[in-house]
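Examination of the molecular architecture
Chain residues, written in single-letter form:
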Amino acid sequence: MAALPDTAAEGAGKTMMDAWDYKGRPAVRASSGGWSSAAMILGVELNERLTTLGIAVNLVTYLTATMHLGSAASANAVTNFLGTSFLLCLLGGFVADTYLGRYLTISIFTAVQAAGMTILTISTAAPGLRPPACADPTGASSSCVPSNGTQLGVLYLGLYLTALGTGGLKSSVSGFGSDQFDESDAGERSRMARFFSWFFFFISIGSLFAVTVLVYVQDKFGRRWGYGICVAAILVGLVVFLAGTTMYRFKKLVGSPLTQIAAVTAAAWRNRALPLPSDPAKLSDVDVNGKQRLPHTKQCRFLERAAIVEPSSKWAACTLTDVEEVKQVVRMLPTWATTIPFWTVYAQMTTFSVSQAQVMDRRLGASFVIPAGSLTVFLVGSILLTVPVYDRLIVPLARRFTANAHGLSPLQRIFVGLLLSILAMVAAALTERSRLAAGAATPSVFLLAPQFFLVGAGEAFTYIGQLDFFLRECPKGMKTMSTGLFLSTLALGFFFSTALVSVVHTVTTSGGRQPWLADNLDEGRLYNFYWLLAAISAVNLLAFVVVAKGYVYKEKRLADAGIQLADDDLVVHA
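Residues numbered from 1 in each chain as written. Predicted model: local features only at pLDDT ≥ 70, side-chain atom pairs only at ≥ 80, totals over all residues. Heavy atoms only, no water.

For the rest of this paragraph, the subject is the overall build of the chain. When its secondary structure is counted, the chain shows 15 helices and 4 strands. Long-range pairs, those at least 24 residues apart, make up 79% of the contacts in the chain between residues at least 6 apart in sequence. (Helix = DSSP H or I, 4+ residues; strand = E, 2+ residues; numbered from the N terminus. Contact = heavy atoms within 4.5 Å.)

If you want it as structure tokens, here you go:
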């Protein structure tokens, strides 16, 4: 791509000041961007969701039944895969903001994802890359040959290449889609808001297709066909995405906000021995590079040492605005931390809840058997149902009792989601006790529906509440990091699930005791694990309430300081 010009060409009414075409020329508004470009980008996200969820919701059954891993090890493999996918969004965002730009990042990492899925397809198709079937049809561990290092190595290579591709492209898809709309134009700003609604819709459609059609194909015709469909979908999506190259609007690289955080932290540490001036006006704040000035705050004053001007120093001082932006991120961290346990609960819907479904009556009618992984359709359906119910019922009610015209505030929405996650684990524990008490009378798999519905409704509240919180509260100069902060809570939630499962399995199997997470669920006490998650979630909810009560929204702090929010701060950013 040609070098981006420093100034826009003449004809400001037809060309854009901050966007360029694929040749590096100022983008022409009439022939670039808009819905035609955004639609080609949305297809990439649909395929990403189809692939990631298509793997995750049914992977535990493949690892236990075909690869002969234990229940705990299989659950951890799934949560590690999901956690890595979301954690790599931070890497993808850094690469996009600092080196490649969003377009090249999406293109390269989509190709990486396709390569990972191709290896995964080969792993499930080649007989030599999976162990022989168990001699005992019931799957007794003594009759099963465990997977060897080569078989697991190829499988994990495919999984983690897919995770790398997912993390890279997911970090940039929503941002590049929003780049196709001009925020300075009222009409395009309105269309941008609708773009994010369609973005969420495409995610939901991809999820729905993954947990129904794709899981059915995997169970009925074989994994190689299900994963092969994903490879074909990814490649088609990549071709369509590349076909829109001449129509896209490109934005100049702005650098990663992680660099700013590192610079402020390093400068504060370097100046740790210097005294802070009593008057903040004596700190450096000359050039804010078009950023919105933030009012001086008294928290985290250690960081203000980064803005101390030392004439004899060879290092340039950070500005006070840079410091206040980093302070704002620090203020958000307690909220960030207390949303992590929700995603640990969510992780159980793709691991142990699927294992429960495997040993329950999944018959629907005389001949059709519901795939265990397809129970996640209740979770997706609950999300799709909760969003309109919130807009049509909860928002009007909330307006009567709160001053918020939009209904619940972001932190209130997160509170509801965390509360629903506790109820979900209570329902899951009670269902598992009921299943074990039924003995030989195998209960219907539909008894699992409440826990899926509750987690799905909780996700609708938590996901949107988190997204709203991070997008609104992140400083304007760090908007690109808001998505990474949000997605990192998902990653850490999945990793915390891995750690918790490992600890519980180790502790409950020591001394010859009956394990909670046995390979045969009928011999375990999975309900105790669910009770433990309910207790952890309840303690976390109390911590969240304390954090939320003490948090002051950025809008209020700026208003108290007499600073008006810029118009583009009121628009959802990616």
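Moving on to the packing of aromatic side chains. The full count for this structure, using the stated rule, is 25 aromatic pairs. When the ring of Phe-378 is compared with that of Phe-446, the centres are 6.0 Å apart and the planes differ by 75 degrees; the resulting orientation is edge-to-face. Separated by 68 residues along the polypeptide, Phe-378 in helix H10 (residues 377-401) and Phe-446 in the loop between helix H11 (410-438) and helix H12 (449-473) bring together distant segments of the chain. For Phe-378, a relative accessible area of 19% gives the class buried. The ring of Tyr-390 carries the charged tip of Arg-413 above its face, separated from the ring centre by 3.8 Å. The cationic tip of Arg-433 hangs over the ring face of Tyr-527; the distance from NZ or CZ to the ring centre is 4.6 Å. (Phe/Tyr/Trp six-rings, centres within 6.5 Å; stacked < 30°, edge-to-face > 60°. Buried < 20%, exposed > 50% of the residue type's maximum accessible area, 1.4 Å probe, protein only. Lys NZ or Arg CZ within 6 Å of the ring centre and 35° of its normal.)

In this section: a nonpolar patch on the surface. On the surface, Tyr-216, Phe-221, Trp-225, Leu-364, Phe-368 and Phe-446 cluster together to form a nonpolar patch covering roughly 610 Å² of accessible area. Relative to the assigned elements, Phe-221 resides in helix H4 (residues 186-221). (Patch = residues over 30% accessible without salt bridge, like charges linked within 9 Å, V, L, I, M, F, W, Y side chains within 5 Å. Areas by Shrake-Rupley, 256 points an atom, 1.4 Å probe, with all protein chains shown as cover. Salt bridge = Lys/Arg side-chain N within 4 Å of Asp/Glu carboxyl O.)

The geometry of helix H6 (residues 257-270) relative to helix H7 (residues 320-338) is characterised by a closest axis approach of 10 Å and an angle of 105 degrees between their N-to-C directions. In terms of their interaxial angle, H6 and H7 are classed as roughly perpendicular. For the pair H6 and H7, contact is made by Gln-260, Ile-261 and Val-264 and by Asp-322, Val-323, Glu-325, Val-326 and Val-329, respectively. Taken together, the residues that form the contact of H6 with H7 break down as 5 nonpolar, 1 polar and 2 charged. (Axes fitted to C-alpha atoms, helices over the stretch in contact; angles between N-to-C directions. Parallel < 35°, antiparallel > 145°, perpendicular 65-115°, else oblique. Nonpolar A, V, L, I, M, F, W, Y, C, P; charged D, E, K, R; others polar.)

The next point concerns the packing of H7 against helix H14 (residues 526-550). One can describe the packing of H7 onto H14 by two numbers: an axis separation of 9 Å at closest approach and a directional angle of 160 degrees. With respect to H14, the axis of H7 lies roughly antiparallel. The way H7 lies across H14 gives a crossing that is left-handed. Packed against H7, whose contacting residues are Pro-334, Thr-335 and Thr-338, the element H14 presents Asn-540, Ala-543, Phe-544 and Val-547 at the interface. Residue composition of the contact of H7 with H14, by class: 4 nonpolar, 3 polar and no charged. (Left-handed = near helix turned anticlockwise from the far one by under 90°.)

Looking now at the pattern of salt bridges. For the structure on display, the rule yields 9 salt bridges. In this structure, Asp-21 engages Arg-25 in a salt bridge whose closest nitrogen and oxygen atoms are separated by 2.8 Å. Asp-21 sits in the buried class, given a relative accessible area of 10%. For the salt bridge of Lys-170 with Glu-45, the shortest nitrogen-to-oxygen distance reads 3.3 Å. Note that Lys-170 is positioned in helix H3 (residues 149-178) and Glu-45 in helix H1 (residues 34-65), a separation of 125 residues in sequence. Looking at Lys-170, the relative accessible area reads 9%, which means it is buried. Each of Glu-45, Glu-48 and Lys-170 takes part in a single network of salt bridges with overlapping partners.

A word on the side chain of Ser-497. By the secondary structure assignment, Ser-497 is in helix H13 (residues 479-509). Residue Ser-497 is classed as buried on the basis of its relative accessible area, which comes to 2%. Excluding residues within four positions of it along the chain, Ser-497 makes contact with Asn-76, Thr-79, Thr-344, Ala-347 and Gln-348.

As for its position among the elements, Leu-155 is in helix H3. Counting along the chain gives 32 residues from Leu-155 to Ser-123, while the straight-line C-alpha distance between them is 5.8 Å.

Attention now goes to H11. The terminal C-alpha atoms of H11, which comprises 29 residues, lie 42 Å apart, in line with the 42 Å expected from a rise of 1.5 Å per residue. With its phi angle positive at about 65 degrees, Gly-439 sits one or two positions after the end of H11. (Expected span 1.5 Å × (residues − 1).)

With that settled, consider the pairing of strand E1 (residues 15-20). In this structure, E1 lies alongside strand E2 (residues 26-28), joined through 2 bridges in antiparallel fashion. Paired with Thr-15 across the bridge in E2 is Val-28. Where E1 folds back onto E2 in an antiparallel hairpin, the turn is made up of 5 residues, including Gly-24, whose phi is positive at roughly 85 degrees. (Pairing = 2+ DSSP bridges.)

With that settled, consider the confidence of the model for the chain. For the chain, per-residue confidence averages 83 on the pLDDT scale, and residues scoring 70 or more make up 87% of the total. Low pLDDT (under 50) marks residues 1-13, which in the prediction has 22 contacts with non-local residues, meaning those over four places away or in another chain. (pLDDT = per-residue confidence, 0-100.)

A word on unusual backbone geometry. Backbone geometry places His-68, a non-glycine residue, at a positive phi of 60 degrees. Along the polypeptide, His-68 turns up in the loop between H1 and helix H2 (71-125). Among the residues examined, His-68 registers a relative accessible area of 15% and is labelled buried.

On to the environment of Trp-516, then. Looking at the secondary structure, you find Trp-516 in the loop between H13 and H14. Remark: the alpha-carbon pair of Trp-516 and Val-501, spanning 15 residues in sequence, is separated by 9.8 Å. In contact with Trp-516, not counting residues within four places along its chain, are Val-504, Thr-508, Gly-524, Arg-525, Leu-526, Asn-528, Phe-529 and Leu-532.

Here we take up H3. If you check H3, its first and last C-alpha atoms are 44 Å apart, about what 30 residues at 1.5 Å a residue would give, namely 44 Å. At Ser-172, H3 shows its largest kink, close to 30 degrees. For H3, the tally of buried residues reaches 21 of 30 residues, placing the bulk of the element in the interior. Its side-chain oxygen placed 3.1 Å from the backbone nitrogen of Thr-150, Asn-148 serves as the N-cap of H3. (Bend = angle between axes of the 7 residues up to and from the residue. Polar contact = N/O pair within 3.5 Å; in protein donor to acceptor, adjacent residues only side chain to side chain.)

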